[in-house]
Amino acid sequence: MAKQINLVLSFCFLLLLLANSLQADSDDNRKVYVVYMGQKTLDDVSASALHLSMLQQVAGRSDGGKYMLQRYTKSFHGFSARLTQEEAQKLSGMEGVVSVFPNRKHKLATTSSWDFIGFPLKVNRSTTESDVIIGVFDTGIWPESASFSDLGYGPPPAKWKGICELNFPCNNKIIGAQYFKGDGRYSPKDLQSPRDSNGHGTHTASTAAGNMVRNANLLGLHSGTARPESPDCSV
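Residues numbered from 1 in each chain as written. Predicted model: local features only at pLDDT ≥ 70, side-chain atom pairs only at ≥ 80, totals over all residues. Heavy atoms only, no water.

Annotation of the chain in UniProt includes, under Sequence similarities (unreviewed entry), the sentence "Belongs to the peptidase S8 family." (UniProt positions renumbered as here; feature names shortened; annotations may be inferred.)

A. Structural detail: the sheet that holds strand β4 (residues 99-102). If you trace the four strands from one edge of the open sheet to the other, you get β2-β3-β1-β4, paired in antiparallel fashion. What marks the edges here is a single partner per strand, and that holds for β2 (68-72) and β4. Each adjacent strand pair in this sheet contributes to an overall mean axis angle of 20°, direction not counted. Sheet topology places β2 next to strand β3 (residues 78-83); four bridges connect them, and they run antiparallel. Considered in β3, the bridge of Gln70 is made with Ser80. Contacts from helix α2 (residues 44-59) reach β2 and β3 within the one sheet, and its direction differs from that of β2 by about 145°. Sheet strands in contact with helix α3 (residues 85-92) are β1 (31-36), β3 and β4, and its direction is about 155° off that of β3. (Pairing = 2+ DSSP bridges. Helix = DSSP H or I, 4+ residues; strand = E, 2+ residues; numbered from the N terminus. Axes fitted to C-alpha atoms, helices over the stretch in contact; angles between N-to-C directions. Contact = heavy atoms within 4.5 Å.)

B. Fine view of the environment of Lys181. Following the sequence through the fold, Lys181 ends up in the loop between α4 (113-116) and α5 (200-209). For Lys181 and Gln192, which are 11 residues apart along the polypeptide, the C-alpha to C-alpha distance reads 9.2 Å.

C. Local environment of the nonpolar core. Core analysis: the largest hydrophobic core is formed by 16 residues, its most contacted members being Phe79 and Leu91. Put simply, the parts of the chain that give this core at least two residues each are β1, α2, β3 and α3. Excluding its chain neighbours within four sequence positions, the residues that come into contact with Phe79 are Tyr33, Val34, Val35, Met37, His51, Met54, Met68, Gln70, Arg71, Tyr72 and Leu91. With eight residues, the next largest nonpolar core counts Phe148, Phe168, Ile174 and Ala209 among its residues. (Core = buried A, V, L, I, M, F, W, Y, C linked by side-chain atoms within 4.5 Å. Buried < 20%, exposed > 50% of the residue type's maximum accessible area, 1.4 Å probe, protein only.)

The structure is reproduced here in structure tokens:
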């Protein structure tokens, strides 16, 4: 009798190991998918309940909710979850589902931004694109940056009436630099240097009209050519 009991227990133990192994294999095959269900039509509580119900149906278990990652109930209707390919296909066929697609990660890198949006390095320019000046209201500008070298540039357009305050080292690329208070008004006693205080202004100005700088990188990472939208413009 004891031998039979041991055999039954051993068999049950093997079944448990097999079930755990199958569960582990299933989890290993899961990837993050986004389930897009179009424009928001339900309140947050109803939408959350619907998302959970859908996930439990395709997962085939009551604990399917553990694969839920994020519910989207504000700007649009949908959710993200860790799914197998089969579960993603089942969800895509459910009523109300517009599309189901794998989550993708995009790394930010200013040395490839223009390529990413399909803006080539060389484009045909219009003959009217001459003597263009771009005005930037930001944290200032760092004139020593290679993005603002005036090598090869002629003098500013005759129409230009701007100034450079506090002995700011302007050149034929940076043709004006002024400091303004938050309300837009200033007096001589309020003058401060327009030199950049945290890098943001330099970044935006160089993105708009800086020079092309080769081998640009951040601490040696993602080396490439940093280039602007309009390299021939002045700021």
